[in-house]
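Fold and geometry: a report
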Amino acid sequence: LSLSLSLSNSLIAFQFNSCSSKTASMACLNVAKMDNKEKKVVKEQEDCTLDGTVDQHGRPAVRGRTGTWIAGILILVNQGLATLAFFGVGVNLVLFLTRVMGQDNADAANNVSKWTGTVYIFSLLGAFLSDSYWGRYKTCAIFQAIFVIGLVSLSLSSYIFLVKPSGCGDEENPCGSHSTFEIVLFYLSTYLIALGNGGYQPNIATFGADQFDEEDPKEGHSKVAFFSYFYLSLNLGSLFSNTILGYFEDKGMWALGFWASAGSATIALVLFLIGTPRYRHFTPKGNPLSRFGQVVIAAARKWKVEIPPSGEELYDQVDGKQGSNTGGRKMFHTQGFKFLDRAAVITSNEYYDKDLQNPWRLCPVTQVEEVKCILRLVPIWVCTILYSVVFTQMASLFVEQGAAMKTSISRFHIPPASMSSFDILSVAAFIFIYRRVLDPFVARLRKNNSPRSGLSELQRMGIGLIIAIMAMVAAGTVEHFRLKHARGRGNNKDSLSIFWQIPQYVLIGASEVFMYVGQLEFFNAQTPDGLKSFGSALCMTSISLGNYVSSLLVTIVMKISTRDQMPGWIPGNLNKGHLDNFYFLLAALTMADFMLYIICAKWYKYIKFEGNTNCNSKV
């Protein structure tokens, strides 16, 4: 009996211990599962971007599933195809107006100038809608669709109505007259193209840059490189349209050229939409005009209020991360434009009466800094306009200069406008040289491996101005010797080969890499989160104003130089003028602009963002 009781107790104890062990094991297993889940959540949160971007569903963007070069390459190809489509129309539009629409040279040139200017005006519209309401993805998609509709409409109207009778539209066979309906349809189509391309262009560069997290060191390097490759894709697209499409259109095959442009734009739109699940997005921040107005009015209302010496005493959002009502990254307070700081001063009445703390009376520091940022950008932007004056000579006076030179090799004729191919090849070469040679070399000298360790954007823009001066000096020197040879041989056109223009085209291409690529990077990096597309639009308006200033400068020079029965510097027959003096004048003006630019660049203060943590939300 004692033995039986002892065995029973031992068996019960064994079973109890066994159950306890199983319970403990299950508990440990559950704890392990919970640890794995928590680790997975933490890992997902750590893999989020840090710059505030979200995916297509509005959730924080996960680094491994969105953005980077997969999305970036789609956007680069999209840009190349869209540029091909746009210049497939724009490069020979003046010839279409004279040969097909029956306009004279002056009217055609004037209409092309209006059309080109309209493209840049629409770029401001696209930037405003993108930054304020639609976001960059939606804006790009909508305006690209309008671009395609315009190109298809132009192709159809050219094929059915305009290029009639068949075979007209080349240099020797102008087309007949057109009805009012056909003319209206033509202008409607071309201005739809202007609207679509203008609204799309400033957003696509910024949207491409959005795919790289500048807070991450590796992606930060890629973001800087993206702007170089973006400008390269733009030039490669224009190279094809300037050569292949330009050749067919010059031979009178207008409908074929326009259909090729429409097809290229359609493929670009399809590729853009294919990348939708992969894109990263910044949410639109609301109307910037109202934010600017709030700062100005709030500061004006407090014009008698004393400004505290330290920026730490100024009003800021409670959460410390979002310094304005836009949800963007916080910007640190900077010195300068101190009269605007009054908008962020909390008066005693506002401190005790929360009802008085409305945005038209009291603005956060970041909102004030947004206004300061734009005011600081204006002088830099103004200094880039004269560079655009130099750049526009490539499409005008360079071509006229080339037409006055020897343009044939044996029996092969070289179109003067095709010399711009050397500019595009120069852009491609110098992007490679800068990205692979110069930038790493400067970074090693500075012993810095940050994404912006090479030359700063302002330094590169200054180098671009210097190279532009060299380009104008080269062009003036070539023209000086061309005039000397032409007048020595009785105004013989075939005195100097057109290939002497290669240095000036190469130098313009090199200057673009430093100026325009640096300008894209600079305005993207130095504009607030809610105004990135506006920064890209500033680049386009610089080119637009460069065209207008160039036209004004030519008018002034001709009015002054044609006194006392003189033919002027730029007459119809360049052999009787002094185009070399105009080039040297541009070199001198650009030198003065460079001096002013140095002062503005030294005065400029870079904005500083507080790092953003984008993974606090549940993924």
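For the protein, an unreviewed UniProt entry supplies the name Putative Nitrate transporter 1.5 and the organism Davidia involucrata. Under the Subcellular location (unreviewed entry) heading, UniProt states for the protein: "Membrane".

Turning our attention to a nonpolar patch on the surface. Taken together, the side chains of Leu156, Tyr159, Ile160 and Trp259 present a nonpolar region at the surface, about 410 Å² in accessible area. Ranked by residue count, the leading element in the nonpolar patch is helix α5 (residues 136–162), at three residues. Locating tyrosine 159 in the fold gives a position in helix α5.

Okay, the packing of α5 against helix α6 (residues 180–210) next. Any two packed helices are characterised by how steeply their axes cross, that is the angle between the axes, and by the distance between the axes. Contact pair α5 / α6: the axes reach a minimum separation of 7 Å and the direction vectors enclose 150°. It follows from the interaxial angle that α5 and α6 lie roughly antiparallel. Note on packing geometry: the crossing formed by α5 with α6 is left-handed. Residues of the contact of α5 with α6, tallied by class, amount to 19 nonpolar, twelve polar and three charged.

Across all of its chains, the model carries 34 aromatic pairs by this definition. Consider the rings of tyrosine 137 and phenylalanine 272, whose centres lie 5.4 Å apart with planes at 20°: the pair is stacked. Taken as a pair, tyrosine 137 in helix α5 and phenylalanine 272 in helix α8 (residues 254–274) lie far apart in primary sequence, 135 residues in all. Relative accessible area serves as the criterion here: at 0%, phenylalanine 272 is assigned to the buried category. Ring centres of phenylalanine 337 and tryptophan 603 lie 6.2 Å apart, and the angle between their planes is 80°; on these two criteria the pair is classed as edge-to-face.

To continue, consider the packing of helix α7 (residues 217–250) against helix α15 (residues 502–525). For the pair α7 and α15, interaxial distance at closest approach is 10 Å and the crossing angle is 130°. Here α7 is positioned oblique relative to α15, judged by the angle of their axes. Every pair of crossing elements has a handedness; the one defined by α7 and α15 is right-handed. Facing α7, whose interface residues are Lys223, Val224, Phe227, Ser228, Phe230, Tyr231 and Asn235, α15 presents Glu512, Tyr516, Val517, Leu520, Glu521 and Asn524. The residue makeup of the contact of α7 with α15, split by class, is seven nonpolar, three polar and three charged.

Now for the nonpolar core. Counting residues in each nonpolar core, the largest one holds 89 residues, and the members touching the most others are Phe272, Tyr279, Ile380, Phe398, Phe522 and Phe582. The biggest single contributor to this core is helix α11 (residues 365–392), with twelve residues. For this core, the two domains that each supply at least three residues are domain 1 (49–285) and domain 3 (371–609). Residue contacts for tyrosine 279: discarding those within four places in its chain leaves Val54, Asp55, Gln56, Thr66, Ala71, Leu74, Ile75, Tyr137, Phe207, Gln211, Leu271 and Phe272. Listed in part, the 28 residues of the second largest apolar core include Trp115, Val119, Phe147 and Val163.

Below, the discussion takes up the state of the cysteines. Per the stated rule, a full pass over the model turns up one disulfide. A sulfur-sulfur distance of 2.0 Å marks the disulfide that ties cysteine 168 to cysteine 175. Across the disulfide from cysteine 168 to cysteine 175, rotation about the S-S bond amounts to roughly 85°, and the bridge is consequently right-handed. For cysteine 600, which is in no disulfide, the shortest distance to another cysteine sulfur is to cysteine 383 and amounts to 4.1 Å.

This next bit is on unusual backbone geometry. At the junction of lysine 164 and proline 165, the peptide bond is cis and its omega measures out at 0° in the coordinates. Secondary-structure assignment places proline 165 in the loop between α5 and α6. Located in the positive-phi region is threonine 68, a residue other than glycine, with phi close to 60°. The residue phenylalanine 337 is not glycine, and still its phi comes out positive at about 50°. Note on placement: phenylalanine 337 falls in the loop between α9 (288–301) and α10 (348–352).

Moving on, we come to the pattern of salt bridges. Summed over the entire model, instances satisfying the criterion amount to 13 salt bridges. With a shortest N-O distance of 3.3 Å, glutamate 214 and lysine 223 are connected by a salt bridge. You can call lysine 223 buried: its relative accessible area is 6%. In this structure, the salt-bridge partner of glutamate 521 is arginine 460, at a minimum N-O distance of 2.8 Å. With a gap of 61 residues between them, glutamate 521 in helix α15 and arginine 460 in helix α14 (residues 457–488) connect regions that are remote in the sequence. Glutamate 521 sits in the buried class, given a relative accessible area of 2%. Among the charged side chains, a salt-bridge network with shared partners connects Arg63, Asp213, Glu219 and Arg280.

Glancing now at the side chain of aspartate 131. With respect to the helices and strands, the residue aspartate 131 is situated in helix α4 (residues 105–134). We classify aspartate 131 as buried; its relative accessible area is 3%. Separated by 3.3 Å, the side chain of aspartate 131 and the backbone nitrogen of serine 533 make a polar contact. Polar contacts involving the side chain of aspartate 131 include one to the main-chain amide nitrogen of phenylalanine 534, which spans 3.0 Å.

Before going further, it helps to spend a moment on the environment of lysine 602. On the secondary structure map, lysine 602 appears in helix α17 (residues 579–603). The exposure class of lysine 602 is exposed, given its relative accessible area of 71%.

About the thresholds
- Residues numbered from 1 in each chain as written.
- Predicted model: local features only at pLDDT ≥ 70, side-chain atom pairs only at ≥ 80, totals over all residues.
- Heavy atoms only, no water.
- UniProt positions renumbered as here; feature names shortened; annotations may be inferred.
- Patch = residues over 30% accessible without salt bridge, like charges linked within 9 Å, V, L, I, M, F, W, Y side chains within 5 Å.
- Areas by Shrake-Rupley, 256 points an atom, 1.4 Å probe, with all protein chains shown as cover.
- Salt bridge = Lys/Arg side-chain N within 4 Å of Asp/Glu carboxyl O.
- Helix = DSSP H or I, 4+ residues; strand = E, 2+ residues; numbered from the N terminus.
- Axes fitted to C-alpha atoms, helices over the stretch in contact; angles between N-to-C directions.
- Parallel < 35°, antiparallel > 145°, perpendicular 65-115°, else oblique.
- Left-handed = near helix turned anticlockwise from the far one by under 90°.
- Nonpolar A, V, L, I, M, F, W, Y, C, P; charged D, E, K, R; others polar.
- Phe/Tyr/Trp six-rings, centres within 6.5 Å; stacked < 30°, edge-to-face > 60°.
- Buried < 20%, exposed > 50% of the residue type's maximum accessible area, 1.4 Å probe, protein only.
- Contact = heavy atoms within 4.5 Å.
- Core = buried A, V, L, I, M, F, W, Y, C linked by side-chain atoms within 4.5 Å.
- Domains from an automatic or database assignment.
- Disulfide = S-S within 2.5 Å.
- Polar contact = N/O pair within 3.5 Å; in protein donor to acceptor, adjacent residues only side chain to side chain.

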